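Letter by letter, the chains look like this.
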Amino acid sequence: MANARPQGFFAETWQLALAVIRAMRITFITFFRKPVTVHYPDRPRAYPDRYRGLLALVYESDTGEEACIGCRLCEFVCPPAVIKVEMVKGEKRNYAKTFTLELYACEFCELCVQVCPTDAIVMMKSFDMATADRRDMLLDKDRLHAIGEQFPRSWATGNLLRDMQAPPKKAPGEKPAHAAPDAAAEKPAGGAA
Amino acid sequence: MSNLHPALIGLISGGVLLGALAGLVAYVTLLERKFAARLQSRVGPYRVGPHGLLQPIADAVKLLLKEDLVPAEADRRIFNLAPVVFLVPCLLIFATIPFAPGLGVADLNIGILFFMAVSSMEIVGLFMAGWSSNNKYALLSAMRAVNQIISYDLPFIMAALVPVLLAGSLRLSDIAAAQEGLWFVFYPVIGQLGFLAFVIASVAAENRVPFDILEAESELVAGFRVEYSGMKFALIQLGEYAHVLGTSFLGALLFLGAWSGPGPAWLGPGWFLLKALGIFLLITWVRWSFIRIRVDQILQISWKVLLPLTVLLVAATAITIVLRGASGG
Amino acid sequence: MSAPSPMPADLNPRLVKTLDYTGSERLTMNMGPQHPSAHGVFRAILTLEGEQVVAVDAVIGYLHRCHEKLAETLTYAQYPSIASKTDYVAAMTSELAYVMAAERLAKIEVPKRAEYLRVAVAELQRVASHCLWLGTWCMDMGGALGGGATVFLYCIRERELVLDLFESLTGARLLYGFHQVGGVRYDVPEGWAAECRKTIDLIESRILEYEAMLEDNTFFRMRTEGVGVISRELALDVGIGGPLLRASGVAFDLRRAQPYSSYQDFDFNVPVETAGDCFARYQVRMVEFRESIKIVRQILDGLPEGPISSRPGLKSVAQVRVPKGEMYARVEGPRGEVGCYLIGDGGAKPYRMKWRGASFSNLAVLPHIIPGHSVADVVAIMGSVDPVFGEVDR
């Protein structure tokens, strides 16, 4: 695709002049394009549906009780081992007595969300938790529940993810359960020329 | 005003010029940053003040507050003196530039010669900075600098000689006045080639990309300036931008007709400023479009291409003038 | 920068070029590990005579994070998201190598849709990684305050579009955790295919812009032609891979030579140049841009329906067990061959896992090609070799 270097003084100078004009033309065109900068935090950034943001514990939608049963599956699966759970037995079901998550060491890999049998731990569509003290990022159960109320949730929960990944056993013609909501509507307009 | 002692006039006008220059240079850095940002699909400084207008002031305050480091093994006196020796010639070149007919600090009758001579003096400050830093990167950069600036000052002077010949005088206000009818850049071939050669030589003489091998941030990490911090760094930056601005003003004066433009005569300095900023933006546009070339290639361009071309250009100008004079024009 | 590091006691005489230098002494200059163009944490002790480099002593290990030991303590379910962190610029390829090794050892079939998705993200990742390569290389050559930064910002602008695609697919922008043993973790959401098409069309038009700024540019040609020539014999001797190998005349691409993950279903060219200099490596990568886009278009046109994993979704940490045996899986990453050697012991954790880092082998060529060039060429050469130190040091 490249041309051979032109020989001769005038040919080279002409080539240089053309190259100069070509390069400056590209920067000139870009000058008149809209900048791609998103003026965060004045303008919010549109997060896609599956964004892996802050972690939170949620309540069950029908009973309003804590969804976490303290099974510690998330604690075992976490690669950097940032989750620590203590279980306490109840009459009908178990609970988590304490649930600590060290957010400053979390990888945001979503494996804990993946394994949770009751969809108790989820990720939020935001990461706005900058702080000056690292101890603020050692989240206990109350903080985690508060984060769950504060931010919008991402799409992913344990059961949804496992359904998406399951080998099919459905009858033909049935729509698979793993279709995710439309993410195209939320794309930022950064690619517009 | 004219019955004041001339030394007092000189002092006041010099002070006014320095003050205006400091403000202008600071805001020219902001202009460059916003312009460069737009060339790169982003916005420049935005948050300090409305649309970043207070950014230069924030930078100045920050640099004032920084710790003033002198490396342990550095040559202290030369290290401390180098920014000053670098800055003074860069500011002194403005003394000869007339901003309007009669409005200049010192309109010498060897104006352009003074400009050229003084602007070459910055090399001394540069080398002092590089040598005294006791830093291999700085030393390499300083040696490249001496090489490059000396090589490019010659075509620079030759290109500047074209308007001098066309106007017939070394005095800058005479050159500006001689362009009342037709700006020198519009002269058939000589004007455009002369302007082009002037811009190229000045980009190289000011260490701007694509000829900034002596700074080469990605290799030499700021080159001769690497050990400077705080106000000394600010002085060096001020000197660099003042030099670029000074050559832009000179280019506007030599080729673009200085203060001539439509409208009443008191708009003259405004037009002059606009033309100088236009040349400055042209140099900036070139800077943000090209990668740099190696030092041996830079020197090749200077000695093998630019210098012969500019010498031929001066000769051609001289012949044109003789022919024009002989035909009674 | 005050006291220079001691010169290596025995400079390998084969690697030191003697020049006709009549100056006084040799200068030992340290480049890195903190350096704007060291591409990560890399220390090169250069021995200079005047402006020319005479010998290079490369020191690595500043980013060593014990990946291989870590893999012995994490199960096959946990490690893929950690695997991204070796080559963090092209995370998908590292994950793919690990997961493929485990699947081959355990003889797990991967469904067709998952394989096509793996190829799609691998090729998109190649586009994103080459964007970063071009941007940082031009920034090294052109200055962080200058034309180099302009090309850098253009490339990053396009890379951000690809990362947006990955974000709507997986939820993360840089380190994905997309692969799992048996398939992939995420299926494409609604509207992703249309968005993907729009993005790659835009990137294809922008590549033309980069080339306009660089290809016929005399400055660029001067800096890259004839610089850092790797001869065919040297390339095969030292064992480099990827675009470096193909730019030296060796037509070897793992996607053709040992097709993995359904690469044999796609129609694409493998660019080969013979010059072996920086410009040839640039040309190879620019063609790879376009070929990757071609592959992604083919996938979008014909993505088969079906499951995305042949194993049920992860429910417990020790869900995947791999029998005893050893296996080596190789993928063609943007930098070369990324390989994962796995020794399984029947349990949920590998007995041993070793990474073959592409950049680690590529860096070995530096002491052979840098001597004889000037300091300014060192950055051009290093940029065209495109090392990522996560892969080198692991």
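All figures in this text were calculated on a predicted structure; none of them were measured in a lab. (Residues numbered from 1 in each chain as written. Chains lettered and ligands numbered in written order. Predicted model: local features only at pLDDT ≥ 70, side-chain atom pairs only at ≥ 80, totals over all residues.)

### Considerations on the overall build of chain A
Our working rule: Numbered from the N terminus, helices here are DSSP runs of H or I no shorter than four residues, and strands are runs of E no shorter than two. Remark: C-beta atoms are placed from the backbone, and a residue is labelled buried if 20 or more other C-beta atoms sit within 10 Å of its own, exposed if 12 or fewer do, or partly exposed between those counts.
On a plain count of helices and strands, chain A comes out with five helices and five strands. For chain A, buried positions account for 32% of its 193 residues.

### Considerations on the overall build of chain B
Just so we agree on the cut-off: The atom set for the radius of gyration is the C-alpha atoms, and the globule formula is 2.2 Å times the number of residues raised to the power 0.38.
Secondary structure summary: chain B contains 12 helices and zero strands in total. When the elements of chain B are put in sequence order from the N terminus, they spell out α-α-α-α-α-α-α-α-α-α-α-α. For 329 residues, the compact-globule formula gives about 20 Å, and the C-alpha radius of gyration of chain B, at 20 Å, lands near that figure. Projected onto the principal axes, the alpha-carbon positions of chain B cover approximately 70 × 50 × 45 Å. Across the 329 residues that make up chain B, the buried fraction comes to 48%.

### Points about the packing of helix α3 (residues 76-92) of chain B against helix α5 (residues 122-132) of chain B
Residue and element names in this part refer to chain B. Note the cut-off: Here an axis means a line fitted to C-alpha atoms, over the contact stretch when the element is a helix, while the angle between two N-to-C directions is reported on a 0 to 180 degree scale. Roughly parallel refers to an angle under 35 degrees, roughly antiparallel to one over 145, roughly perpendicular to one between 65 and 115, and oblique to any angle outside these ranges. By definition, turning the near helix anticlockwise from the far helix through less than a right angle yields a left-handed crossing, and turning it clockwise yields a right-handed one. Residues are treated as contacting if the C-beta atoms built from their backbones sit within 7 Å of each other. Residues are grouped as follows: Ala, Val, Leu, Ile, Met, Phe, Trp, Tyr, Cys and Pro are nonpolar; Asp, Glu, Lys and Arg are charged; every other residue, Gly included, is polar.
Two elements in contact, α3 and α5, have axes separated by 7 Å at closest approach and are oriented at 160°. On the basis of the axis angle, α3 is roughly antiparallel to α5. At the point where α3 passes α5, the crossing takes the left-handed sense. Note on element contacts: α5 touches α3 through E122, V124, G125, L126, M128, A129, W131 and S132, opposite I78, F79, L81, A82, P83, V85, F86, P89 and C90. A class-by-class count of the residues in the contact of α3 with α5 yields 14 nonpolar, two polar and one charged.

### Let's talk about the interface of chain B and chain A
Facing 10 residues of chain B, the contacting portion of chain A comprises nine residues. Considered class by class, the residues forming the side of chain B that touches chain A number five nonpolar, three polar and two charged.

### Here we look at the nonpolar core
Let me state the cut-off plainly: Think of a nonpolar core as buried Ala, Val, Leu, Ile, Met, Phe, Trp, Tyr and Cys residues, each tied to the set through C-beta atoms within 7 Å. Either an automatic procedure or a domain database provided the assignment from which the domain bounds are taken.
Core analysis: the biggest nonpolar cluster contains 248 residues, and C112 of chain A together with A201 and L253 of chain B have the highest contact counts within it. Considering every element that reaches this core, the biggest residue donor is helix α4 (residues 112-142) of chain C, with 17 residues. Of the domains in this structure, domain 1 (13-59) and domain 2 (67-393) of chain C are the two that each give at least three residues to this core. Those residues in contact with C112 of chain A that lie beyond four places of it in its chain are C74, V77, C78, I83 and I121 of chain A.

### What to know about the sheet that holds strand β8 (residues 352-356) of chain C
Residues and elements named next belong to chain C. To keep things clear, this is the line we draw: Any two strands between which DSSP finds at least two bridges are classified as paired.
The antiparallel open sheet is built from three strands, whose spatial order is β6-β7-β8. Across the chains shown, the open sheet's two edge strands, defined by having one partner strand only, are β6 (325-333) and β8. Sheet twist, expressed as the mean angle between neighbouring strand axes with direction ignored, is 10°. Taken together, the five bridges between strand β7 (residues 336-344) and β8 define a ladder with antiparallel strand orientation. By the bridge assignment for β8, I343 is matched with R352.

### Thoughts on the interface of chain A and chain C
Counting residues at the interface gives 49 residues for chain A, matched by 48 residues for chain C. Elements with a contribution of two residues or more to the side of chain A that touches chain C: α1 (9-31), α2 (73-77), α3 (111-115) and α5 (158-165) of chain A. Sort the elements by how many residues they give to the side of chain A that touches chain C and α1 of chain A lands first, with eight residues.

### Section: the sheet that holds strand β3 (residues 95-102) of chain A
Residue and element names in this part refer to chain A. Sheet architecture is open: three strands sit in the order β2-β3-β5, paired in antiparallel fashion. Unpaired on one side and paired on the other, β2 (83-88) and β5 (138-139) mark the two borders of the sheet. In this sheet, β5 lies alongside β3 in antiparallel orientation, the contact comprising two bridges. The residue bridging L101 from the neighbouring strand is L139, located in β5. Contacts from helix α4 (residues 141-150) reach β3 and β5 within the one sheet, and its direction differs from that of β3 by about 80°.

### Details of unusual backbone geometry
Positive phi is not limited to glycine here, since R72 of chain A has a value of about 70°. Here R72 of chain A is to be found in the loop between β1 (55-57) and α2. Despite not being glycine, S261 of chain C shows a phi value in the positive range, around 50°. Within the fold, S261 of chain C resides in the loop between α10 (254-257) and α11 (278-301).

### Points about the environment of Q300 of chain B
Residues and elements named next belong to chain B. In this fold, Q300 is placed in helix α12 (residues 295-326). Since 15 C-beta atoms lie within 10 Å of it, Q300 is described here as partly exposed. Along the sequence, Q300 and A58 sit 242 residues apart, while their C-alpha atoms lie 41 Å from each other.

### Let's talk about the pairing of strand β3 (residues 52-59) of chain C
All names here are of chain C. Pairing between strand β2 (residues 43-49) and β3: seven bridges, direction antiparallel. Among the inter-strand pairings, T47 is bridged to a residue of β3, identified as A55. In this antiparallel pair of consecutive strands, β2 and β3, the connection spans two residues, and G50 shows a positive phi of 70°.

### Let's talk about the confidence of the model for chain A
Residues and elements named next belong to chain A. We apply this condition: Values of pLDDT, which run from 0 to 100, indicate the predictor's confidence residue by residue.
Across chain A, pLDDT averages 80, with 82% of residues at or above 70. Low pLDDT, under 50, characterises residues 1-6; the predicted model gives this stretch eight contacts beyond four residues in sequence or across chains. Note that residues 174-193 has pLDDT below 50 and, in this model, 48 contacts with residues that lie over four places away or in other chains.

### Concerning the pairing of β2 of chain C
Judged from the five bridges that link them, strand β1 (residues 27-31) of chain C and β2 of chain C form a sheet pairing that is antiparallel. Counterpart to N30 of chain C in the pairing with β2 of chain C is I45 of chain C.

### Re α1 of chain A
Which entries qualify depends on this criterion: By definition here, a helix of n residues has an expected span of 1.5 Å times n minus one.
For α1 of chain A, with 23 residues, the first-to-last C-alpha span of 33 Å sits near the 33 Å given by 1.5 Å per residue. The set of residues buried in α1 of chain A consists of A19, A23, I26, T27 and T30 of chain A.

### Brief notes about the environment of A159 of chain B
All names here are of chain B. By the element assignment, A159 lies in helix α6 (residues 136-167). Here A159 falls in the buried class, since 27 other C-beta atoms lie within 10 Å of it. It is 31 Å that separates the C-alpha atoms of A159 and A234, two residues lying 75 residues apart in sequence. If sequence neighbours within four positions are ignored, A159 has contacts with G194, A197, F198, A201 and T310.

### Describing the packing of helix α8 (residues 190-205) of chain B against helix α10 (residues 230-255) of chain B
All names here are of chain B. The geometry of α8 relative to α10 is characterised by a closest axis approach of 11 Å and an angle of 170° between their N-to-C directions. In terms of orientation, α8 lies roughly antiparallel with respect to α10. Along its contact with α8, which presents G191, G194, F195, F198, V199 and S202, the element α10 presents T247, G251 and F255. Classifying every residue of the contact of α8 with α10 by side-chain character gives four nonpolar, five polar and no charged.

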